[in-house]
Amino acid sequence: MKKVEASAPSNIALVKYWGKRHTKLNLPLTSSFSVSLTNMRSHATITEASGTEDEWDIHGNPSKAQKVLACARAATQDERPLKISIVNDFPSGAGLASSASSMAAFALALNSYLADDAFDLETISHWSRLGSGSSVRSLYPGYVLWDAGTDEEGKDCVAHTAFAASHMPLSLVVCVVDDQPKPIGSTAAMERSRDTSPLYDEFHANNEQYLQEALDAVKNKDFYKLAEISESNCQAMHAVMQASQPPVNYFKTGTKQAIEHVQKMRQEGIPCFFTIDAGPNVKIFCTPEAKDEVHERCKSLSDVKHLLLDQVSDDSPAS
Ligand code: 2P0
């Protein structure tokens, strides 16, 4: 029996995506800039279904994956029922980008199963985007720029590696404050922000400048500039969320504790900065040399359940 497996990493945005120009197609209003990780990954396996229906073994509802599958089927004209398993080797739905990595892994597996790897990465990214916008970034290694594009159908809404991870190596310590699924999903929360937050337009108006400064900081290997831009962009996104009605608040007690801890460590000269996505968990980026110290010092945080270690990766998910 034919069986294919594919995997893709989680990615963390340094300049965030928080709003769409087309909801159904998951086309972002603005471009975003992320790093793809090494350890936190999703693994997709596809085999033949035993009956006439698709069989799903995935975390939560298969609705996002079904959109990716429909797109791959339309491209390949292959309607065979499939048995699909997608496993994340880190907490799912907790703001650790598990939809991104799982949809990227699934789209790669579909290209292998239905098309013997005939489609290129750009086409695969159009499939995976329908399940999760930010999954487009998980298909590329290193520092990744996802261009919002302007085409109505999203033909130019594509990502690429802007810099190799080796250009400016970064380590990551994730403070897991809560590993339960988030109270409101990203798509619904983005719509609420669009409809009610007075800070929504300003956040997007500033995107071009954030992007340029973040790209320059990486180009110049300027860790502290990247820290400044990335924290500022993260705080601006959470301000947009919190100004929504009703507020979108992903922070918990441990989130604030970890943020203060990062600020204290940086004042003491430890090169580190934080970023937070649609969940309470705090991602602390640092130089590889500082990783052990940051890791050790985060162990004392009483409201942090556990720590995950990772680093920016140069391994291509599609290789
Ligand atoms: C990001 N997030 O740039 C931002 C920051 C969450 C906060 O991209 O609606 O689950 O499926 O496109 O892919 C959330 O990503 O959202 C996200 P949809 P998705 O990382």
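Residues numbered from 1 in each chain as written. Predicted model: local features only at pLDDT ≥ 70, side-chain atom pairs only at ≥ 80, totals over all residues. Heavy atoms only, no water.

Draft legend 1. A look at the site of the ligand. In the neighbourhood of the ligand, 19 residues make up the surrounding shell, with Y17, K20, S132, R137 and T187 lying closest. Between an oxygen atom of the ligand and a side-chain N or O atom of Y17, the distance comes to 2.6 Å. A distance of 2.6 Å separates an oxygen atom of the ligand from a polar side-chain atom of S132. Compared with its free state, where it exposes 470 Å², the ligand has 94% of that area covered by protein. Looking at which element gives the most residues to the shell around the ligand, the answer is helix α5 (residues 186-196), with 3 residues. A class-by-class count of the residues in the shell around the ligand yields 6 nonpolar, 8 polar and 5 charged. (Near = heavy atom within 4 Å. Polar contact = N/O pair within 3.5 Å; in protein donor to acceptor, adjacent residues only side chain to side chain. Areas by Shrake-Rupley, 256 points an atom, 1.4 Å probe, with all protein chains shown as cover. Helix = DSSP H or I, 4+ residues; strand = E, 2+ residues; numbered from the N terminus. Nonpolar A, V, L, I, M, F, W, Y, C, P; charged D, E, K, R; others polar.)

Draft legend 2. Expanded view of the domain arrangement of the protein. In terms of domains, the protein is made up of domain 1 (3-165) and domain 2 (171-311). Summarising the inter-unit geometry, the C-alpha centres of domain 1 and domain 2 are found 23 Å apart. Here domain 1 meets domain 2 over a buried area of about 3200 Å², counting both sides, of which 68% is carbon and sulfur. On the domain 1 side of the contact with domain 2, L14, K16 and W18 bury the most area, a combined 28% of that side's loss. Its salt-bridge partner being D277, residue K16 comes within 2.6 Å of it at the nearest N-O pair. Linking domain 1 with domain 2 are 11 residue pairs in polar contact (both at pLDDT 80 or more), by the criterion used here. Secondary structure elements with two or more residues in the side of domain 1 that touches domain 2: β1 (3-15), β4 (32-48), β7 (143-146) and β8 (159-163). A total of 8 residues in the side of domain 1 that touches domain 2 trace back to one element, the largest contributor, which is β4. Residue composition of the side of domain 1 that touches domain 2, by class: 18 nonpolar, 12 polar and 2 charged. (Domains from an automatic or database assignment. Buried area = accessible area lost by both parts, 1.4 Å probe. Salt bridge = Lys/Arg side-chain N within 4 Å of Asp/Glu carboxyl O.)

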